[in-house]
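Summary of the model geometry
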Amino acid sequence: MKRLIFALSVAACLVSCSRKNSGFAIVIDSESYNQAKTEIDAYQALVESRGLNPILVIDRWGVPDSIRAELIRLHNSKSSPIEGCVFIGDIPVARVRDAQFMTSAFKMDQDGRHPMSDYCISTDRFYDSFDLEWDFIQQDTSNSAWFYYSLRADCPQELHPTIYSARICPRTNERGDKYEKLRRYMQRVNSADDEDNPLDKVLSFGGHGNVSDSWIARMDERIEIYEMMPWLKNAPMALSFMDFRDEPVIKPILMDVLQDPRLDYALLHHHGSETVQYLSGTPVTASLPLSIDNARRYARSQARKNVDRGMSEKESKTSIERFLGSPIPQEWMREAFDTDIIADDDAMAYSEDIHVEEFSYFHPQVRMVSLDACYNGSFQEEESIQEAYLFGEGNGTLIAIANSVNSIQDRWINRHMGLVGMGMRVGYVASMTAILETHVFGDPTFSFPSTADCGFDINEAVLNADSGFWKRQLDNEYPAVQALAAYMLAEKCSGNWSDVLLDKFMESPYGTVRLAVMMELAEYDDANFEKCICAGLTDSHEMTQRFAVNYAGAKGSPELIANLVRLYCEPQLSNRVEFDLDAAFRSLDSASVITAFDKDKDLFDFYLNGDSVMDARRKELLRSVRMMTDGFEEDVLQDGRSERSRISDIRSLRNYTAHHLVPELIDYLSEPREVEVQKAMVEALGWFEMSYRAPEIAAMAEKLKDDTRFDESIRKEALRTYNRTRK
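Conventions used here
- Residues numbered from 1 in each chain as written.
- Predicted model: local features only at pLDDT ≥ 70, side-chain atom pairs only at ≥ 80, totals over all residues.
- Heavy atoms only, no water.
- Helix = DSSP H or I, 4+ residues; strand = E, 2+ residues; numbered from the N terminus.
- Rg over C-alpha atoms; globule rule 2.2 N^0.38 Å.
- Buried < 20%, exposed > 50% of the residue type's maximum accessible area, 1.4 Å probe, protein only.
- Contact = heavy atoms within 4.5 Å.
- Areas by Shrake-Rupley, 256 points an atom, 1.4 Å probe, with all protein chains shown as cover.
- Lys, Arg positive; Asp, Glu negative; His and termini not counted.
- Charge placed at Lys NZ, Arg CZ, Asp CG, Glu CD.
- Axes fitted to C-alpha atoms, helices over the stretch in contact; angles between N-to-C directions.
- Parallel < 35°, antiparallel > 145°, perpendicular 65-115°, else oblique.
- Nonpolar A, V, L, I, M, F, W, Y, C, P; charged D, E, K, R; others polar.
- Core = buried A, V, L, I, M, F, W, Y, C linked by side-chain atoms within 4.5 Å.
- Arc of directions from axis to C-beta.
- Patch = residues over 30% accessible without salt bridge, like charges linked within 9 Å, V, L, I, M, F, W, Y side chains within 5 Å.
- Salt bridge = Lys/Arg side-chain N within 4 Å of Asp/Glu carboxyl O.

Turning to the overall build of the protein, a few remarks are in order. Within the protein one finds 31 helices and 17 strands. Compactness check: the protein gives a C-alpha radius of gyration of 26 Å against a globular reference of 27 Å for 727 residues, within 12% of the reference. Once the C-alpha set of the protein is aligned to its principal axes, its extents read approximately 70 × 65 × 55 Å. Here the protein holds 727 residues, and 58% of them are scored as buried. Taking all contacts inside the protein whose residues are at least 6 apart in sequence as the whole, residues at least 24 apart take part in 77%. Surface accessibility of the protein: about 29,100 Å² in total, with carbon and sulfur atoms responsible for 50%. Between the mean site of the 80 positive side-chain charges and the mean site of the 118 negative ones, the protein shows a separation of 2 Å.

What follows is the structure, given as structure tokens:
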């Protein structure tokens, strides 16, 4: 939802003025300070040399609320308000519920069937987003550093961090004592500015299953990086790409590259867990023997899983054959449980991925790494991938950016990252793309020595420059600065800049700028945004096209359906655009989609077998649009099924916002019925915040939140949904 002024924002756009140096809070527990006093005192001097006023905060409370209150006090200081902070050592972890919509992907039931530690998200947005309000639930009974909170329904339901933040949290494990790790890391940080090390060597890696293994997406990322970091074009061997398909097992090659001390930034797209970077899948091969080996290994793996699921051998074999599309020998099933073969399979699987225990001999030297993966940033745990990168040996990693829970693949993970190479503090960059799960680990005041002269002090401008300044920067020579200007106008400056931004989208030759502008127009969510979506659906930049598809599905307006169907009829789309189209159609009314398709039959006239292709595509489309919501009214809005199964179907609307069902859902909430079913329905409607039917939902929720006929839990959820969907 668009706000014209964020009163608590650290980066309010003011008429150019002078101000005292911003403050920067160094929050540390007393024992960590005692153990690393020399290094922390030197870090304060480093921060001061970067133009900030360091403020040491020794955590004497051990409670998140008290630390947050102190940060708010320091931010409100008239003499030197803090612009950011870093949490060093054993600082309490806020784990939150009722805010899953602020993540990119995480969804888990909060109904008590799972432990609170499973469905609550570890996030420092508790500390750095001052306009959010939280109710304390309890301290964890097993881990005293974990504190559980619920996001209040009566506060803003959007993320706009007031300050930037980061964590430096070493753990004692098989790779060493946490205090020794802290001292070693802080020594590395304190010597960083002694090196003339610009951002001029970058790696992008694509792991198995990332963005549907789309080559087009990978190709366009090269263009994106060159647009954001144009100086790389003139540096030798400055940008390299690696893909899991390059070798049957890519792991040792990737590990070697990450240990190269010349590597400045690694962008790693892959799947992950708390302790594993999943890199490779089934090896791609044209060899018949190897193809048979692949199928055989899959059959063995699946047979073991099927036994765990309680399937009989016959059922398991049938299921495997259905997937492979061919009968398999009985021998394949028998060998699945041979202990020697199981050991070989386990060894093969282990060799494909990077495991946290391997960091005892694997020492990454890359200065900054973005871990575009699920759970690699689980800083609440004793073992996590981010911790292994940050506290390795040598003159290694200074910054890791990672996620504490699962993360969607359709994210622009390196958005604004070119600014770090132009002198912007990495904390600022991360705060501009903030979601609940993504965190900076390391020193947030770090930036590379400026490689390109953008014509002004970029950190000072973010704090003090006015809207006129940022409007002029829409024409800056650097696309990264143009994208920053779009962000500052839409997010931090008063006034409505929608028309200006739409013009910029239509005229810009840079895919990264067009995508940045589209994402800012989403904040306005007005007629210009819909025009931008329509243009974006045929954009030459794959990620812009992909985001436009996702926005169109989330918006769902009848005007966009025809555009989506026309795009679907195109013969050549990237794998990921096709994937996202399928997901978008699951939110739309099947009759409207098929009607639009039938009007565009002429799009198949140039095909050699146009009629048969058209029929096949129509069947595929019908399958997609009917998959999630056909029969929903009979299955969910009637009382014939169990409450639990109905709630499960209702919760699917959080992923696939079926816009055409909104009138029926609102009608079902017109009078009190089953409390848990209606509560789930009201919560699910909150995920329709971008829907063209959001005003109808907001009007319903506004009435429902005050209707005493309904249970208090429903009225509370209605207040949350109202605050999410009102324009």
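Moving on, we come to the packing of helix α18 (residues 498-507) against helix α20 (residues 527-536). It is the contact of α18 with α20, at a shortest axis distance of 10 Å, that shows an interaxial angle of 10°. Relative to α20, the element α18 is oriented roughly parallel. Where α18 approaches α20, its residues S498, D499, L502, F505 and M506 are matched on the opposing element by N528, K531, C532, A535 and G536. A per-class count over the contact of α18 with α20 returns 5 nonpolar, 3 polar and 2 charged.

Turning our attention to the nonpolar core. With 153 residues, the main nonpolar core has M229, L258, L268, L419, W470 and F585 as its most contacted residues. With 10 residues, helix α17 (residues 479-492) is the largest single contributor of residues to this core. Each residue touching L258, except ones within four places of it in the same chain, is listed here: L203, L263, A266, L268, F362, P364, Q365, V366 and Y389. Membership of the second largest hydrophobic core comes to 32 residues, among which are A94, Y127, L151 and L436.

Of all the positions in helix α8 (residues 251-258), only K251, L254, M255 and L258 are classed as buried. All buried residues of α8 fall inside an arc of 100° around its axis, so they share one side. As for α8, its buried residues are in contact with β9 (202-206), β10 (239-243), β11 (265-269), α12 (339-351), β14 (354-355) and α13 (385-390).

Our next topic: a negative patch on the surface. A contiguous patch of negative charge on the surface is contributed by D338, D340, D344 and D346. Looking at the element boundaries, D338 is found in the loop between α11 (330-335) and α12. Residue classification places D338 among the partly exposed residues on the basis of a relative accessible area of 34%.

These figures capture arrangement, not role.
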